[in-house]
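# Summary of structural features
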Amino acid sequence: MNKEDKMEAKEKEPKVKAPKVKAEKPAKKSKYPEGYIGRPKPMKTKTFEFHKPTVKTYIGLGFLTVVIGLLVWLIIALVNVGKLSDAFIKAYEFDTDTAGETYVLENDKLRMDFDVATTQFSITQKDTGHVWYSNPQDLDDDPIALQKEKNNMMSTLLVKYSTENGVNNVYDSYTYSIKRNFFETEKKGNEIIVKYTVSQMEREYKYPLAIYESEMDEWLEEMSSNDQNVITRRCYRLVDIEKLKPSDNEAELLRKYPDLEEDNLYLIFDPLNGYLKEQCEAIFAKIGYSDEDYMRHRELYKEKNEKVEPAFNITVHYKLEGDSLSVEIPYDDILYKRAYPIVQLSVLPYFGAAGTSADGFMFVPEGGGSLINFNNGKTRQNGYFADVYGWDWASDRSAVIKETRVAYPVFGESEGDSSYISIIENGAEYAGITAEISGKLASYNYVRADYKMIHGEQFEVSSRNTSAQYSYEANLPEGEKIRQLYKFVGSPSYVDMAVAYRNYLFGNDKRTQNKTMPIAVEIVGAVDKVQQVAGLPKTMPYKLTSYTEAGEIIKSIDSDLGIKNSSIKLSGFFNGGIRQKMLNNFKWIGSLGGASGIKRMMEQVSDTSAKLYLDGTMQFAYRPNQTAGFNRYRDPARFANDEVCKLQEYSPIWYGKLDSLDSYFLLRPSNIAHASDVLIKNAKKYGFDAISYRDNGYQLSADYNDSRVVSRAAAREQQQEKMQLANDEGLRIMINAGNNYALKYVDFITNMTQHGNSYAIIDRQVPFYQIALHGYKNYAGSAVNLGYEINQAILESAETGAGLYFVFMNEPEKILQETNYTEYYAACYDTWKDRLKDIYGRYNSELNPVANSLISDHEYLEDAVTCTTFDNGYSVLVNFGYVDYTTDAGTVVPARDYKVIKGGM
């Protein structure tokens, strides 16, 4: 009979012990009591948002406010009470007997030497002999770094956590794990596993802190007589309410342990010597004492309220995969205390960190790509940071100075004769890329990925409460992970680094088959404008191009201008125009011609070579009051504080929210998915060749509604599923910006950032992403006719062999007066058609030979002159400067111009 059967049998026996009748053994509670964080429970406070009340609601508004205030207060009180019971995080323990060991992983390209005692390691490239270190090697000689920064640089993880008041702090794995021996290491075949406990807590031992005698008897029966003696005589005191010590307070004991009237209680001696703690834990471990048992008894223990310390369990997996090192951190293996949610994790934050004597650069994915030279001396400038895939619109922000976004999750370094790129394969949705030079906090240059973990938002408890309060996500996304692939390149060239990324993306995929240089033309149908209807102002669609006029423009481009195989993006053609209503239903715009007008347009252009892309917005709802079926509480996504994601434009002058402009909503993912279905259905219905996503493939947001959380990674998967559906329906896809997760599905990318932000910390901009994509995907930069300088857009395109992109409307520019659409100030087709013919005619004539070629090299001949070489022997020289440039071979490239040559320069 096992222990559970014995206990059950004993519970059925009548209690005959005199003079006290023992209580039945308390029933075990469900797995982990309230407050346990295996998967942490939410630290949520509900907040409420109301429409402006009508006359009928004024009477009850005061009463509702009072009730809501009481509910908020009650919920906060309950949440705070729940935090008294927190998670049991078992600290990993380092086996000091292995302190001198080194784990080795090796294949024909790489060797990894892993120090078991520090968890630091080195990677040796066998082709070049270059050695990369996980952490700087000469920290003691750093004359700048303070001890805290040195501790950071000796760490393989940096953990940032927060509190309910929004106060952040950082624990480094060296100080809070390695030095405390709170870690375990294991080598399993071609894998090294490291388990960290990052905390300053004292080691927590797993044995009962308080347990009633009736249950303890059952455990004692499983022990040897020697173990029984250790437990009952050296580790515990038996409290009998009828035999109390003079120092005992009977009333207080009964308040803490009311069942003492029926059953005696074992209490752990406090303090208990360290060796007895270890012995007691070992005895209970032998007889199957579990985490659930410990949590149950820990909750029973009322002798003192121990301070809850921040603690984090994190597991890291290392593997060698060909020419790459993979690093994985499963989210399901991350544990933390609910009172201290983990908000950011930096993985291998100082891998490859280069000192002041190193020669090389850091690569960051700003724009097409950018280089930051080691030790460039720009110590007064801000470091580099950008969000992968841009801002998560389900996270609120009070001001925006400049959007920081990158379209592909890659960073790297070049030093000596070698380099590496780090590709974020999983978790890119939460990543930001950070780079810093030497001479600030330390004498090292480094680049890394920082991952946002638990998301939080500030909320207002009441107008009388001035302290900040934060609400956080319930837990980390289940089943997700961080996975970085460090791919090592036997060359210091950023071109070879880009080629390595190209091979990773496309392998042996089919190349483009362009007959001419790609060109995309966007035709704007309608925008919204306040107009007079029966003497009253009303926001309505305002015609810029009717459907018939759009057909005429398409025919003119194809026939009159002789521009063949154009890709036509039709924007603002339905559901109210550019600032589109929620796409739960589909409706052509009556003032543009309605459904019959779109059918006539399709007949107009049926004999042209143009491909028509029907453009739509999936993720946002504009003018919600005019959208049939839109519910502002049901349909939007929510911030982590449970408020709906109501968004505003930001001022370019003072950077804050512009309340003077109409607000709009970020939609919940199910509505975004439905919108894509609606677009695909109607594109097929009306005979379009393709669809264009104005936002999918460019913007990516989560939904933190605690009743239906959708992580940013899940939202990315949903976008991919809908793109695959469109492909399965035979539709081509056009997107903006070109986030790398969409590359598999799209055939044209517009508005790709070619030259990114010119941050002072950056030394040079390079076409890394374009080198990877050219020959496999068609792409174009910003609209030539809408840029601040026409030549700049053309020159940037020529540098990488990109296509050209234009935006047109039929009406003259003056019609945009008294609207919020001045970005179309140079979009009149009649004004531009002759220049379009000249610009594209020359561009196609000269660059057509490289339309489908791969980029094999790129270099700066001077600071303002570049040379891009293609694999068919052609080169494109681009002079961004304002002075003519002459090559060594005598070729002259005029100022602000380009030249295509065959063979040498």
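Scroll up for the structure.
Sequence order as written defines the numbering, with residues in each chain counted from 1. Owing to the predicted nature of the model, reporting of local features is limited to residues with pLDDT of at least 70; listing and counting of side-chain atom pairs is limited to 80 or more, with chain, interface and lining totals taken over all residues. To obtain the side-chain values, all non-hydrogen atoms of the structure were used and water was disregarded.

## Looking at the overall build of the protein
- Of the regular secondary structure elements, the protein holds 17 helices and 46 strands.
- The buried label applies to any residue whose accessible area, calculated with a 1.4 Å probe on protein chains only, is under 20% of its type's maximum; exposed applies above 50%, and partly exposed to all values in between. Within the protein, the proportion of its 905 residues that are buried is 58%.
- In what follows, a contact means two residues having at least one pair of non-hydrogen atoms within 4.5 Å. In the protein, the share of contacts with a sequence separation of at least 24, taken over all contacts with a separation of at least 6, comes to 70%.
- Accessible surface is estimated by sampling points in the Shrake-Rupley manner with a 1.4 Å probe; for residues, cover comes only from the protein chains shown. Counting only carbon and sulfur atoms, one obtains 48% of the accessible surface of the protein, whose full area is about 38300 Å². Helix and strand definitions here come from DSSP, where helices need a minimum of 4 consecutive H or I residues and strands a minimum of 2 consecutive E residues; each element is numbered from the N-terminal end.

## Digging into the sheet that holds strand β43 (residues 874-879)
- Spatially, β41-β42-β43-β46 is the arrangement adopted by the four strands of the open sheet, whose pairing is antiparallel. In this open sheet, the two edge strands, each paired with only one partner strand, are β41 (855-862) and β46 (897-902). If you compare each strand with its neighbour and ignore which way they point, the axes differ by 15 degrees on average.
- Note: two strands are recorded as paired if DSSP finds a minimum of 2 bridges between them. In this structure, strand β42 (residues 865-870) lies alongside β43, joined through five bridges in antiparallel fashion. The residue bridging Cys-867 from the neighbouring strand is Leu-877, located in β43. Orientation is described by lines fitted to C-alpha atoms, with helices fitted over the stretch in contact, and by angles between N-to-C directions that extend from 0 to 180 degrees.

## Things to note about the nonpolar core
- We define a nonpolar core as any set of buried Ala, Val, Leu, Ile, Met, Phe, Trp, Tyr and Cys residues linked to one another through side-chain atoms lying within 4.5 Å. Counting residues in each nonpolar core, the largest one holds 184 residues, and the members touching the most others are Tyr-318 and Phe-688.
- It is helix α10 (residues 494-506) that contributes the most residues to this core, eight residues altogether.
- Among residues more than four places away in sequence, those in contact with Phe-688 are Leu-570, Trp-588, Ile-598, Met-601, Met-602, Leu-612, Leu-614, Ala-683 and Leu-731.
- In terms of nonpolar packing, the next biggest core, distinct from the first, is built from 33 residues, Tyr-205, Tyr-257, Leu-260 and Tyr-266 among them.

## Some words on the packing of helix α11 (residues 547-560) against helix α17 (residues 829-847)
- Here α11 crosses α17 at 20 degrees, and the two axes come no closer than 11 Å. Judged by the inter-axis angle, α11 sits roughly parallel to α17. Like other packed secondary-structure pairs, α11 and α17 cross with a definite hand, here right-handed. Contact with α11, carried on its side by Ile-553, Ser-556, Ile-557 and Asp-560, involves Tyr-829, Leu-836 and Lys-837 of α17 and no other residues of that element.
- Note that Gly is not counted as nonpolar here; it falls among the polar residues with everything else outside the nonpolar set of Ala, Val, Leu, Ile, Met, Phe, Trp, Tyr, Cys and Pro and the charged set of Asp, Glu, Lys and Arg. Looking at the contact of α11 with α17 residue by residue, the classes come out as four nonpolar, one polar and two charged. Any angle between 65 and 115 degrees counts as roughly perpendicular, while under 35 counts as roughly parallel, over 145 as roughly antiparallel, and the rest as oblique. Left-handed is the label given to a crossing in which the near helix is rotated counterclockwise from the far helix by less than a right angle, and right-handed is the label when the rotation is clockwise.

## Some details on the pairing of strand β31 (residues 611-616)
- With six of six residues buried, β31 lies mostly within the body of the structure.
- Here β31 shows no split at all, with Lys-611, Tyr-613 and Asp-615 on one side and Leu-612, Leu-614 and Gly-616 on the other all buried.
- Sheet topology note: the strand β30 (residues 567-571)/β31 ladder contains four bridges and is parallel. What sits directly across from Ser-567, in β31, is Lys-611.
- Crossover connection from β30 via helix α12 (residues 594-604) to parallel β31: handedness right-handed.
- Both β31 and strand β35 (residues 690-693) contribute to a ladder of four bridges, which runs parallel. With the strands pointing away from the viewer, any crossover whose connection runs clockwise from the first strand over the helix to the second is right-handed.

## Side note on the packing of aromatic side chains
- Here a Phe, Tyr or Trp ring, Trp counted by its six-membered ring, pairs with any other such ring whose centre lies within 6.5 Å, and the pair is stacked when the planes are under 30 degrees apart, edge-to-face when over 60, and tilted otherwise. Under the counting rule described, the total for this entry stands at 50 aromatic pairs.
- Summarising the aromatic geometry, the rings of Tyr-171 and Tyr-176 are spaced 3.9 Å apart at their centres and angled 15 degrees between planes, so their arrangement reads as stacked. In this pair, the class of Tyr-171 matches that of Tyr-176, namely buried.
- Centroid distance Trp-393 to Phe-620: 6.0 Å. Interplanar angle 85 degrees. Geometry classified as edge-to-face. Pair noted here: Trp-393 is in the loop between β18 (384-388) and β19 (405-406) and Phe-620 is in strand β32 (residues 620-621), with a separation of 227 residues, a long-range link.
- On the basis of relative accessible area, Trp-393 is assigned to the buried category, the value being 14%.
- By the ring-pair criterion, three or more aromatic residues cluster together here, those being Tyr-103, Phe-114, Phe-121, Trp-132, Tyr-318, Phe-351, Tyr-420, Tyr-486 and Phe-488.
- Of note, Arg-764 hangs over the ring of Tyr-860, and the distance from its end group to the ring centre comes to 4.0 Å. Two conditions define a charge located above a ring, namely a distance within 6 Å from the ring centre to NZ of Lys or CZ of Arg, and an angle within 35 degrees of the ring normal.

## Considering the sheet that holds strand β11 (residues 265-268)
- Read from one edge to the other, the open sheet built from three strands follows the order β9-β11-β10, with strand pairing classed as antiparallel. Looking at strand neighbours, the two that pair on one side only are β9 (210-212) and β10 (236-239), the edges of this open sheet. On average, adjacent strands in this sheet sit at an angle of 25 degrees to one another, irrespective of strand direction.
- Pairing of β9 with β11 involves three bridges; the strand directions are antiparallel. For Ala-210, the partnering residue across the bridge sits in β11 and is Leu-267.

## Things to note about the environment of Ser-546
- Tracing the backbone shows Ser-546 in the loop between β29 (536-543) and α11.
- In this structure the C-alpha to C-alpha distance between Ser-546 and Ala-526, which are 20 residues apart in sequence, comes to 8.1 Å.

## A closer look at the environment of Arg-896
- By the element assignment, Arg-896 lies in the loop between β45 (892-893) and β46.
- For Arg-896, a relative accessible area of 11% translates into the label buried.
- The sequence separation of Arg-896 and Val-883 amounts to 13 residues, and the corresponding C-alpha distance is 7.9 Å.
- Sequence-distant contacts of Arg-896, that is, excluding residues within four places in its chain, are made with Glu-789, Asn-791, Gln-792, Leu-795, Asn-879, Phe-880, Gly-881 and Tyr-882.
- A distance of 2.7 Å separates a polar atom in the side chain of Arg-896 from the backbone oxygen of Phe-880. Side-chain atoms alone can form a polar contact between residues adjacent in sequence; in general such a contact is a pair of N or O atoms within 3.5 Å, and within protein one must be able to donate a hydrogen while the other accepts it.

## Things to note about α11
- Between the first and last C-alpha of α11 there are 19 Å, a value that for 14 residues agrees with the 20 Å anticipated at 1.5 Å per step.
- Turning to α11, its buried residues are Tyr-547, Glu-549, Ala-550, Gly-551, Ile-553, Ile-554, Ser-556, Ile-557 and Asp-558.
- Considering only its buried residues, α11 is in contact with β27 (519-524), β29, β30, α12, β31 and α17.
- Following α11 by one or two positions, Gly-562 has its phi on the positive side, about 70 degrees. A helix is expected to reach a length of 1.5 Å times the quantity of its residues less one.

## Focus on helix α6 (residues 225-235)
- Listed in full, the buried residues belonging to α6 are Asp-227, Val-230, Ile-231 and Cys-235. The arc that holds the buried residues of α6, viewed along the axis, is 90 degrees, so those residues lie on one side. Exposed residues on α6 whose side chains face more than 90 degrees from its buried face are Ser-225, Asn-226 and Arg-233.
- Looking at the packing, one finds that the buried side of α6 touches α5 (213-221), β10, β11 and α8 (274-286). Along the arc lie the directions from the helix axis toward the C-beta atoms.

## So, unusual backbone geometry
- In this model, Asp-270 is joined to Pro-271 through a cis peptide bond whose omega is 5 degrees.
- Within the fold, Pro-271 resides in the loop between β11 and α8.
- Even without a glycine there, the phi angle at Thr-119 is positive, about 65 degrees.
- Looking at the secondary structure, you find Thr-119 in the loop between β2 (110-115) and β3 (121-125).

## Section: the pattern of salt bridges
- Any Lys or Arg side-chain nitrogen located within 4 Å of an Asp or Glu carboxyl oxygen qualifies as a salt bridge. What the rule picks out here adds up to 39 salt bridges.
- In this structure, the salt-bridge partner of Glu-303 is Lys-256, at a minimum N-O distance of 3.7 Å. Of this pair, Glu-303 sits in the loop between α9 (291-300) and β12 (311-321) while Lys-256 sits in helix α7 (residues 250-256), placing them 47 residues apart in sequence.
- Residue Glu-303 is classed as partly exposed on the basis of its relative accessible area, which comes to 31%.
- A single salt-bridge network, built from bridges that share partners, covers Glu-321, Glu-328, Glu-425, Lys-481 and Arg-483.

The values reported here are purely geometric and, on their own, carry no functional implication.
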